[in-house]
Each structure stands twice: as C-alpha cells, then as structure tokens.
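In case you want the letters, here they are:
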Amino acid sequence: DDYSPPSTDIITLTRHVLNDGFNLAKSSAASGDLTILLASLQTTCKFIESNVRKASLINLIGAAGNTNVQGEDQKKLDVLSNEIMINALRASGKAAVLVSEENDEAIFVGEKQSGSSFETNKGKYCVVFDPLDGSSNIDAGVNIGTIFGIYLVKDGSKGDLSDVLRPGKEMVAAGYCMYGSSANLVLTTGNGVNGYTLDNQIGEFILTHPNIRLPERGKIYSINEGNSAYYHEPVLKYLDSIKFPKEGSSKKPYSARYIGSMVADVHRTLLYGGIFGYPDDKKSKSGKLRMLYEAFPMSFLTEQAGGVATTGTQRILDIQPTEIHQRCPVFLGSKGDVEDLMSFYKQQ
Ligand code: P6P
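The name that an unreviewed UniProt entry assigns to the protein is Fructose-1,6-bisphosphatase, with the source organism given as Acaromyces ingoldii. As stated in UniProt under Catalytic activity (unreviewed entry), the record for the protein gives "beta-D-fructose 1,6-bisphosphate + H2O = beta-D-fructose 6-phosphate + phosphate". In the Subunit (unreviewed entry) part of its UniProt record, the protein is described as follows: "Homotetramer."

Q: Before we go on, may I ask you to explain the overall build of the protein in this structure?
A: Within the protein, the secondary structure is distributed over eight helices and 15 strands. When the 348 residues of the protein are sorted by exposure, 56% land in the buried category. Sequence separation of 24 or more characterises 66% of the internal contacts of the protein that already satisfy a separation of 6 or more. Here the protein displays about 15,300 Å² of accessible surface, and carbon together with sulfur accounts for 51% of that area.

Q: Teacher, can you tell me more about the site of the ligand here?
A: Around the ligand sit Asp133, Gly134, Ser136, Asn224, Tyr258, Gly260, Ser261, Met262, Tyr278, Lys288 and Glu294, and those are all the residues in its vicinity. In the model, an oxygen atom of the ligand is placed 2.8 Å from a nitrogen or oxygen of the Met262 main chain.

Q: It is not clear to me how the packing of helix α3 (residues 33-54) against helix α4 (residues 76-92) should be interpreted in this structure. Could you clarify?
A: In a pair of packed helices, the angle between the axes and the distance between the axes together describe the arrangement. It is the contact of α3 with α4, at a shortest axis distance of 9 Å, that shows an interaxial angle of 160°. Overall, the two elements α3 and α4 adopt an arrangement that is roughly antiparallel. The crossing of α3 and α4 is right-handed. Listed contacts from α4 to Ile36, Leu37, Ser40, Leu41, Thr44, Phe47, Ile48, Asn51 and Val52 of α3 are Leu77, Leu80, Ser81, Ile84, Met85, Ala88, Leu89 and Ser92. When the residues that make up the contact of α3 with α4 are grouped by side-chain class, the tally is 12 nonpolar, five polar and no charged.

Q: Is there a simple way to think about the pairing of strand β8 (residues 183-188) in this case?
A: Side-chain positions along a regular strand alternate between the two faces of the sheet. Across the six residues that make up β8, a large majority, six, are buried. Alternating residues of β8 divide into Ala183, Leu185 and Leu187 and Asn184, Val186 and Thr188, and every residue in both groups is buried. Hairpin connection between strand β7 (residues 171-179) and β8: a loop of three residues separates the two successive antiparallel strands. Of the strand pairs in this sheet, β8 and strand β9 (residues 193-199) are connected by five bridges, and their pairing is antiparallel. Each bridged residue has a counterpart across the sheet, and for Leu185 the counterpart in β9 is Tyr196. Counted between consecutive antiparallel strands, the loop separating β8 from β9 contains four residues, among which Gly190 sits at a positive phi close to 90°.

Q: Please clarify how helix α7 (residues 291-304) should be interpreted in this entry.
A: Residue pairs three or four apart in sequence face the same way in an α-helix, which turns once every 3.6 residues. For α7, a buried count of 13 out of 14 residues is recorded, marking the element as mostly surrounded by other parts of the structure. Two residues or fewer after α7 comes Gly306, characterised by a positive phi angle close to 90°.

The rules behind these values
- Residues numbered from 1 in each chain as written.
- Predicted model: local features only at pLDDT ≥ 70, side-chain atom pairs only at ≥ 80, totals over all residues.
- Heavy atoms only, no water.
- UniProt positions renumbered as here; feature names shortened; annotations may be inferred.
- Helix = DSSP H or I, 4+ residues; strand = E, 2+ residues; numbered from the N terminus.
- Buried < 20%, exposed > 50% of the residue type's maximum accessible area, 1.4 Å probe, protein only.
- Contact = heavy atoms within 4.5 Å.
- Areas by Shrake-Rupley, 256 points an atom, 1.4 Å probe, with all protein chains shown as cover.
- Near = heavy atom within 4 Å.
- Polar contact = N/O pair within 3.5 Å; in protein donor to acceptor, adjacent residues only side chain to side chain.
- Axes fitted to C-alpha atoms, helices over the stretch in contact; angles between N-to-C directions.
- Parallel < 35°, antiparallel > 145°, perpendicular 65-115°, else oblique.
- Left-handed = near helix turned anticlockwise from the far one by under 90°.
- Nonpolar A, V, L, I, M, F, W, Y, C, P; charged D, E, K, R; others polar.
- Pairing = 2+ DSSP bridges.

Written as structure tokens, this is what we have:
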C-alpha cells in the first residue's frame, strides 16, 4: 500500500542553513551571525503571513491614507509589514544598514533612535528589502511576497550607504517569501536555491523544494503586453518569435502567464522555466522594477538555479547602483529563453 510513515527527519530552514553544507560567508560561518539574521527574517515572514492571511478579516484592506516614496497608496499591510521587518532586523543585532522600498532613506542601525529607549546592537549585515511586493494585488487575493537581499558590510566599514550601493553579485544571500495557498520561502546563500514551506502547526519553514533548478528552456513567457505600444524593437521582435514560430520550425507558440506580482511570476518561472520580463520602454526609461530589492535578489536566485538574468544587454548582478531606489530593466529565467531574447538586442 502507498502508506508512508511521516518523516521523522524534518529539515527546517534553520537546520538546513546551519548544518547542511550551505556556503555561508566565511566569517559568518564561524559566528552563525547569518543564521541568526535569517532566523529573524523567518520570524518576520511568519508575522506578515499571519497578517496577510487574515487581512480582510481584520479590516486591514484599503489604503492607510499615506503614500510611500514611490508615490503609491500605502496599504495598511504595507505599513505593518515594513514596521515588523525593520523592528525584527534591528532587534536581531546583526544588521548595520537597512533599505526598504517603503522608506525614502536608508536606516543606519545602532544610532540612537528618536523616542526609543534602547540602543540596538549593530551587526555586520545590510538588508535591502521590499516588505510586501505586489501590494496593489492584496485586495484581489493574488499572491504577494517579501523580497530581500543581504550584503556583508565591506571590510573595515561601520555600515554606511556605500555598503548597499554595490553590484548584486556582492550579495551573500537573497530570497523571497510568497504568501499564497501556503507560505513559500525560497532562499540562496550562494550555494544553490532551496524552497521551504511554512508548517503553521509547528511554525517552522520545512525544506520542500531542495536544489531548485531552472529547466534549460520553458514554454511560458511572462510580461505585461499592455505596454507593447511603448516597447523597443528587440522586445517586440522577441515576442513575435515566440508567438509566431517560423514556418517549419518544430517550435510551438509559448503560453502567456502574467500575474502582475513579481514574487508569484518569478516563483512560477523558477519552478516551471520560461522567461519573465519587465523591460525598459519609451514610457519607463529604466523599466519599473527596483534594482536593489527586486532585480538583484531575483537575479541572484535565478543564476543560482542555473538561469540567466539580464537587462537585455547587461548582466543585472554586475550593475553598480548609484541610488537606493533606482530601477532597472529585467529579463530572467531559463538560459535558452533569455539568451534568445538577448540575441535580438545584439542584432540592434
Ligand atoms: P505592472 C507590483 O506592483 C510590481 O511592483 C511587481 O510585483 C510586478 O511584477 C509589477 O509591479 C507589475 O507591474 O505594470 O505589470 O502592473
């Protein structure tokens, strides 16, 4: 019969990061600081998940009345998630600099906070994050998520802006937590990509998707074609090539899947393959997605899962940011598909 006894060897995220050969940044491997930082991030995700889960029940839906640095209406869940994340990361004692999509300026941990009675310890990690990406979808019950990237402060640095204005390839860890039918946390510390599912009964993220690898090619493209009128030539030619395969070629047209929530679109791309894109166009000169806390973490995950992440002409992780909220064009996904896209830029 197909009964299999419940596993008694539960691999939680914390155990997996601690013991299972994760390639932690050397200095942190000894002290376990990254593990403690990731533990505080997990707590944040559990907190946010529980609020997202019951949002409409406790009337959290709807604008909180103020707007964020992006000029978008801040939903109450945004505000809550941002505060939870900042407080948890400060309290971890492992952070030096925080950059949030919801805050105009970077936060330097360890400085006396106005109104707070306690001095928080400063750590050696910088966390850049979008506490609740895709929040415009909250009211419709569409999957949303938390995205984060982690840098080790530069040697000798006490933690300043230059520690976060660095190419994504200098990140030591990155991940997201998607709040959907279950809460899925997907993480890399530079040694592959692993997925964990939150078991609400025991409050632990359990390893459910070990060593996620992108297929060489997929059959799905994910892009907001409502922007087609503004697209540059290479994008239009690429889309044409996958929607109307050349006569006689064995290729079939790709399927279109666009959720409009980056975490959900990237999660599906990592698991099923294909290509996700938010290109620059005649209306948005640098595209829409934020470099530090959307493009970099998702590109790091994509490369660690065997995929490619490009602006169309440049590897995203190589870009040197100059401003914490700057945007960049994004194409990421299966190697074969993204390289096809890049070939249309090369023909320019
Ligand atoms: P559009 C959500 O607001 C978001 O920041 C990302 O999560 C998502 O990929 C993108 O914007 C969707 O943008 O213009 O297609 O609605």
